[in-house]
Amino acid sequence: MKVLYESDLYVLENEYEVVFLRNKETGNIVVVGDHYGDPTSGYINEDETYCISCGSGIIIYYLRANNIPYSYDKTENQWKEYYRDNLEIETIKHVNGNFFFYNEEGKKLDLDFEL
């Protein structure tokens, strides 16, 4: 599996198009996303309450005691999806509380989303 991001407790990784979150202490794994054409980058916030995966759009997945596995075309309050049908995102960066997204040419994208 390819590692997209790693925090103290979690590893955000993918195998092909599917994104997994693995708990390093327990070994538990939950599906937290699925990006057409494979995910390209990820992020786990400092207090480990959510993670973000990017590729074909953005998926924000909220970490809870009982995580529901992500499922495409299903609506749950465990995750939010943005720009899934019309935008390829190559890189996510988090600097001083702000998110920056870039396409594969390195151009900064002006995206509107809520955590």
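Owing to the predicted nature of the structure, the values given are computational and were not obtained by experimental measurement.

**Quick notes on the sheet that holds strand β10 (residues 98-102)**
Link 1 in the chain: With respect to topology, three strands assemble into an open sheet ordered β9-β10-β11, the strand pairing being antiparallel. Each edge of the sheet is formed by a strand with only one pairing partner; in this case those strands are β9 (91-95) and β11 (108-109).
Link 2 in the chain: Taken together, the two bridges between β10 and β11 define a ladder with antiparallel strand orientation. Within the sheet, the bridge partner assigned to Y102 lies in β11 and is K108.

**Concerning the state of the cysteines**
The term disulfide refers to a covalent linkage connecting the sulfur atoms of a pair of cysteines.
Link 1 in the chain: Scanning all chains against the criterion turns up zero disulfides.
Link 2 in the chain: Its sulfur unpaired, C54 is 11 Å from the next cysteine sulfur, which belongs to C51.
Link 3 in the chain: The class of C54 is buried, set by a relative accessible area of 0%.

**Quick word on the packing of aromatic side chains**
Link 1 in the chain: Evaluation of the coordinates by the stated rule reveals nine aromatic pairs.
Link 2 in the chain: Summarising the aromatic geometry, the rings of Y61 and W79 are spaced 6.2 Å apart at their centres and angled 10° between planes, so their arrangement reads as stacked. One end of the pair, Y61, is in strand β7 (residues 57-62); the other, W79, is in strand β8 (residues 79-82), with 18 residues separating them in the sequence.
Link 3 in the chain: You can call Y61 buried: its relative accessible area is 0%.
Link 4 in the chain: One aromatic cluster is present, formed by Y5, Y43, Y50, Y82, F99, F101 and F113 through successive ring pairs.
Link 5 in the chain: Stacked on the ring of Y102, the Lys or Arg K93 has its end atom at 5.4 Å from the ring centre.

**Description of the side chain of S56**
Link 1 in the chain: By secondary structure assignment, the location of S56 is in the loop between β6 (50-55) and β7.
Link 2 in the chain: Look at S56 and you get buried, because its relative accessible area is 4%.
Link 3 in the chain: With residues up to four places along the chain from it excluded, the contact list for S56 reads H35, Y36, Y83, R84, L87 and E88.

**Some points on the environment of G57**
Link 1 in the chain: Relative to the elements of secondary structure, G57 occurs in strand β7.
Link 2 in the chain: A residue is classified by how much of its surface remains accessible, and G57, at 0% relative accessible area, is buried.
Link 3 in the chain: Discounting residues that sit within four places of it in the chain, G57 has contacts with H35, Y82, Y83, R84, L87 and I89.

**Examining the side chain of N14**
Link 1 in the chain: Relative to the helices and strands, N14 resides in strand β2 (residues 10-15).
Link 2 in the chain: In this structure the side chain of N14 is engaged in a polar contact, spanning 2.8 Å, whose partner is the backbone oxygen of Y16.

**Quick notes on the pairing of strand β3 (residues 18-23)**
Link 1 in the chain: Where β2 and β3 come together, six bridges link them in antiparallel fashion. Paired with N14 across the strands is V19, a residue of β3.
Link 2 in the chain: Taking the residues that link successive antiparallel strands as the turn, the β2-β3 hairpin has two residues, and the phi of Y16 there is positive, at about 55°.
Link 3 in the chain: Direction of pairing for β3 relative to strand β4 (residues 29-34): antiparallel, over a ladder of five bridges. Of the residues in β4, the one forming a bridge with L21 is V30.
Link 4 in the chain: Turn length for the β3-β4 hairpin, with the two strands adjacent in sequence and antiparallel, is five residues, and the turn residue G27 shows positive phi of about 80°.

What counts and what doesn't
- Residues numbered from 1 in each chain as written.
- Predicted model: local features only at pLDDT ≥ 70, side-chain atom pairs only at ≥ 80, totals over all residues.
- Heavy atoms only, no water.
- Pairing = 2+ DSSP bridges.
- Helix = DSSP H or I, 4+ residues; strand = E, 2+ residues; numbered from the N terminus.
- Disulfide = S-S within 2.5 Å.
- Buried < 20%, exposed > 50% of the residue type's maximum accessible area, 1.4 Å probe, protein only.
- Phe/Tyr/Trp six-rings, centres within 6.5 Å; stacked < 30°, edge-to-face > 60°.
- Lys NZ or Arg CZ within 6 Å of the ring centre and 35° of its normal.
- Contact = heavy atoms within 4.5 Å.
- Polar contact = N/O pair within 3.5 Å; in protein donor to acceptor, adjacent residues only side chain to side chain.

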